[in-house]
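Descriptive structure summary
Spelled out from the first residue to the last, the chains are:
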Amino acid sequence: MMRALFAGVSGLQAHQKKMDVIGNNIANVNTVAYKASRVTFSDVLSQTLSKATAANSDSGVGGTNPKQIGLGVGVASIDMLMTDGGTESTGNTTDLSLEGDGFFIVRNGVTGSYMFTRAGDFTVDEKGNLVTSDGMNVYGWSSYSTNAEGDYEFDTDNEVEAINIYADAYNGNKKILSAQATENVVFSGSLDSSEEAIEDIDDDTEPQYTTSMTVYDSLGNEHELTVNYIKSDTNTWDCYVTYDSGETDTEGDAILTRVDIGELQFDEYGDIVEDDTSYPTTQVLTITPTTGATDLEITLDFTNLSTGADDSSVEAGEIDGYSSGTLEDISIDSNGIIMGVYSNGSQQPLGMIGIAQFANSSGLQKTGSGYYSATANSGEFTNGVSANGAISSGTLEMSNVDLSYEFSQMITTQRGFQANSTLITTADEMLETLINMKR
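Residues numbered from 1 in each chain as written. Predicted model: local features only at pLDDT ≥ 70, side-chain atom pairs only at ≥ 80, totals over all residues. Heavy atoms only, no water.

**Some details on the overall build of the protein chain**
Just so we agree on the cut-off: The way it works is that DSSP assigns letters per residue, a run of H or I at least four long becomes a helix, a run of E at least two long becomes a strand, and they are numbered from the N terminus. In this description the radius of gyration comes from C-alpha coordinates, and the expected globular size is given by 2.2 Å times residues to the power 0.38. Burial status follows relative accessibility: with a 1.4 Å probe on protein chains alone, a residue under 20% of its type maximum counts as buried, one over 50% as exposed, and anything between as partly exposed. Residue contacts are counted whenever heavy atoms from the two residues lie within 4.5 Å of one another. Per-residue accessibility takes into account occlusion by the displayed protein chains alone, with areas from the Shrake-Rupley method and a 1.4 Å probe. For the purpose of charge, His is not counted, nor are the chain termini; Lys and Arg are scored as positive and Asp and Glu as negative. Think of each charge as sitting on NZ of Lys, CZ of Arg, CG of Asp or CD of Glu.
Counting its regular elements, the protein chain contains 2 helices and 35 strands. Expected size for 439 residues packed as a compact globule is a radius of gyration near 22 Å; at 38 Å, the protein chain overshoots this value by more than 25%. A burial count over the protein chain gives 38% of its 439 residues as buried. Look at the contacts in the protein chain between residues 6 or more apart in sequence, and 63% of them connect residues 24 or more apart. Total accessible area on the protein chain stands at roughly 23600 Å², and carbon and sulfur atoms take up 46% of it. Seen as two clouds, the 18 positive and the 67 negative side-chain charges of the protein chain have centres 41 Å apart.

Below, the structure is given as structure tokens:
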């Protein structure tokens, strides 16, 4: 009876702990990125009344099983359920949610230890730091390069560092985007093959088609260029560029500077003739600005031009370079790259958010406020890059608590507690009966 009494007590204690966990889950049903916990039970040490015996074939005696009395129940584990919660749309760019196994890396200043969170309700403070709701810095990378395809590549092999939207050691002041001189212009389109060829071309000959474009010098000043086309022979077009020289004539009209580009030759199918030294399809245009900027060295690429019996429609489809601009907005893509949007229409990377991954994320330890710390069983974190598009901007991960499951667990836990309470009461009554035998 004493064993039954103490077994009932252990049952009360175990079910009480389970109810505590259920209560905490329900309390955090609306907590951002909260991960629910579950409780599992296991029996405790059993008292052996008699050991098992083996059968004896000589005497014909059969074997017997051990006789054991269990001594109650205990909490075997309290596990975190690391399944993804649903997402809610907030429309706030710096609100981020994660899909799959990963955690945002945060730290309290430069001296604290790294912490990890799934709650992506981030903001930008007055100094430009990307921070959590309680001011912890969000970590990632700021150093990047541009590959041959024009894509940005962050040096994710480096140790993570606090992300600052406004300035960093690699890019300086990111609130202002310095001007970049135009270096490349790529033309596309077609020239009208039905145009009549002009034999004697001089500086006064009117162009049969023109393409206007805006380029920028190293100080961000705009320069308007006009590319002029005159058909000089069958499938051959003479090409030259004019631009404002910065001087005026006696009547006050702007004097244009003319730079001859050469001839563009097309074959009988209308395709431009490439790799011909007589008719180069790529030319370098040199302009000396009067603004005090350095000389412009602009590569003009006509490779994509063609000719046909349609109206001319040549455009400068791809032009690099831009004037200076100020930071107006930011965007964050699915890989965690933060792009700055500037007043001049240009964009520039401002940083990349790091993702921590663990060998056993369920082994992390909760430290409150939605943060986790690494433990001996979680392993140390590795820098992960969200190459699978796991980050969603403008959304937050919701709690993964399943209320229907929690309520059903609450019922079974309550019944288990009641059953163990009844067990204690019954054992007590039996003890009372035993004591009353002396009377």
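And the narrative resumes.
**A look at the sheet that holds strand E34 (residues 391-393)**
Quick note on the threshold: A pair of strands is treated as paired once DSSP finds two or more bridges between them.
Read across the sheet, 3 strands follow the order E9-E6-E34 without closing on themselves; strand pairing throughout is antiparallel. Edge positions in the sheet fall to strand E9 (120-121) and E34, since each of these pairs with one other strand and no more. Note that strand E6 (residues 95-98) and E9 share 2 bridges and pair antiparallel. Residue Asp-95 lies in a different strand from E9, and its bridge partner there is Asp-121.

**A word on the sheet that holds strand E25 (residues 296-308)**
Here is the rule we go by: All axes here are fitted lines through C-alpha atoms, helices being fitted over the stretch that makes contact, and every angle between N-to-C directions spans 0 to 180 degrees.
Within the open sheet, the 4 strands sit side by side as E24-E25-E19-E26. Their pairing is mixed. Every interior strand has two partners, whereas the edge strands, strand E24 (282-287) and strand E26 (315-319), have only one. Across the sheet, the mean angle from the axis of one strand to that of its neighbour is 30 degrees, orientation sign disregarded. Summarising the sheet, strand E19 (residues 184-192) and E26 pair through 4 bridges and their orientation is antiparallel. In the strand pairing of E26, Val-185 is matched with Ile-319.

**Details of the packing of aromatic side chains**
Cut-off, in case you're wondering: Whether two aromatic rings pair depends on their centres lying within 6.5 Å, for rings of Phe, Tyr and Trp, where Trp uses its six-membered ring; planes under 30 degrees apart make the pair stacked, over 60 edge-to-face, and the rest tilted.
In this structure the tally under the stated criterion is 11 aromatic pairs. For the ring pair Tyr-114 and Tyr-139, a centre distance of 5.5 Å and an interplane angle of 85 degrees mean the geometry is edge-to-face. With Tyr-114 in the loop between strand E7 (103-107) and strand E8 (115-117) and Tyr-139 in strand E12 (residues 137-141), this pair connects stretches of sequence that are 25 residues apart. Residue class for Tyr-139 comes out buried when judged on its relative accessible area of 3%.

**Notes on the environment of Trp-141**
Rule in force here: Whenever two N or O atoms come within 3.5 Å, that pair is a polar contact, provided that in protein one can donate a hydrogen and the other can accept it, and provided that, for residues adjacent in sequence, both atoms are side-chain atoms.
Note that Trp-141 resides in strand E12. Along the chain, Trp-141 and Ile-353 lie 212 residues apart, while their C-alpha atoms are 6.6 Å from each other. Here Asn-158 takes part through its backbone oxygen, which lies 3.0 Å from a polar atom of the side chain of Trp-141.

**Details of the nonpolar core**
Here is the rule: To qualify as a nonpolar core, a set must consist of buried Ala, Val, Leu, Ile, Met, Phe, Trp, Tyr and Cys residues joined through side-chain atoms within 4.5 Å.
Ranked by size, the top nonpolar core spans 25 residues in total, and within it Phe-187, Leu-225, Tyr-229, Leu-300 and Phe-302 carry the most contacts. Residue assignment for this core shows that the elements contributing at least two residues are E19, strand E20 (209-216), strand E21 (222-233), strand E22 (236-248), strand E23 (254-265), E24 and E25. Top element by residues in this core is E25. It accounts for 5 residues. Beyond its immediate chain neighbours, meaning those up to four positions away, Leu-225 contacts Thr-211, Ser-212, Met-213, Val-215, Val-241, Thr-242, Tyr-243, Leu-285, Ile-287 and Ile-298. Residues Met-115, Phe-122, Met-136 and Ile-338 belong to the second largest nonpolar core, which totals 22 residues.

**Focus on a negative patch on the surface**
To keep it simple, the criterion reads: In this scheme, patches are assembled from residues that exceed 30% relative accessible area and form no salt bridge. Like charges are connected within 9 Å, while nonpolar side chains (Val, Leu, Ile, Met, Phe, Trp, Tyr) are connected within 5 Å. By definition, a salt bridge exists where a carboxyl oxygen of Asp or Glu is found within 4 Å of a side-chain nitrogen of Lys or Arg.
Together, Glu-199, Asp-200, Asp-202, Asp-204, Glu-206, Asp-233 and Glu-263 line one region of the surface with negative charge. Along the polypeptide, Asp-233 turns up in strand E21.

**A few points about the packing of helix H1 (residues 2-27) against helix H2 (residues 403-436)**
Rule in force here: Relative orientations are named as follows: roughly parallel for angles under 35 degrees, roughly antiparallel for angles over 145 degrees, roughly perpendicular for angles from 65 to 115 degrees, and oblique for any other angle. By convention the crossing between two helices is left-handed if the near helix lies anticlockwise of the far one by an angle smaller than a right angle, and right-handed if it lies clockwise. Following the grouping adopted for this structure description, the nonpolar residues are Ala, Val, Leu, Ile, Met, Phe, Trp, Tyr, Cys and Pro, the charged ones are Asp, Glu, Lys and Arg, and the polar ones are all others, Gly among them.
Look at H1 against H2: their axes get within 8 Å of each other, and the N-to-C directions meet at 160 degrees. The angle between H1 and H2 falls in the class roughly antiparallel. For H1 against H2, the interelement crossing comes out left-handed. Along the lines of polarity and charge, the residues of the contact of H1 with H2 split into 17 nonpolar, 11 polar and 2 charged.

**Describing a nonpolar patch on the surface**
A grouping of Met-2, Phe-6 and Val-9 is seen on the molecular surface, where their side chains present a nonpolar patch of about 270 Å² in accessible area. The residue Val-9 is located in helix H1 in this model.

**Focus: H2**
Each turn of an α-helix holds 3.6 residues, which means side chains three or four residues apart point in the same direction. The condition is simple: Working rule for helices: expected span equals 1.5 Å times residues minus one.
Between its terminal C-alpha atoms H2 stretches 49 Å, which fits the 50 Å expected from 34 residues at 1.5 Å a residue. Within H2, the full set of buried residues consists of Glu-406, Gln-409, Thr-413, Gly-416, Asn-420, Ile-424 and Ala-427. Those residues of H2 that are buried are in contact with H1.

**Details of H1**
Over its 26 residues, H1 runs 37 Å from end to end, which matches the ideal 38 Å to within 8%, given 1.5 Å per residue. Along H1, the residues classified as buried are Leu-5, Ala-7, Gly-8, Ser-10, Gly-11, Leu-12, Ala-14, His-15, Lys-18, Val-21, Ile-22 and Asn-25. As for H1, its buried residues are in contact with strand E1 (37-43), strand E4 (73-80) and H2.

**Some thoughts on the pairing of strand E28 (residues 337-342)**
Counted residue by residue, E28 has 5 buried out of 6 residues, so it is predominantly covered. When strand E27 (residues 325-332) meets E28, the two strands line up antiparallel, connected through 5 bridges. Residue pairing for E28: Ile-330 is matched across the bridge by Gly-340. Once E27 ends, the chain turns through 4 residues before running back antiparallel as E28, passing Gly-336 with a positive phi of about 85 degrees. Where E28 and strand E29 (residues 347-353) come together, 5 bridges link them in antiparallel fashion. The residue of E29 that forms the bridge with Gly-340 is Gln-348. Where E28 folds back onto E29 in an antiparallel hairpin, the turn is made up of 4 residues, including Gly-345, whose phi is positive at roughly 90 degrees.

**Notes on the side chain of Asn-137**
Position of Asn-137 among the secondary structure elements: in strand E12. If sequence neighbours within four positions are ignored, Asn-137 has contacts with Ile-105, Val-106, Arg-107, Gly-109, Asn-129, Leu-130, Val-131 and Ala-162.

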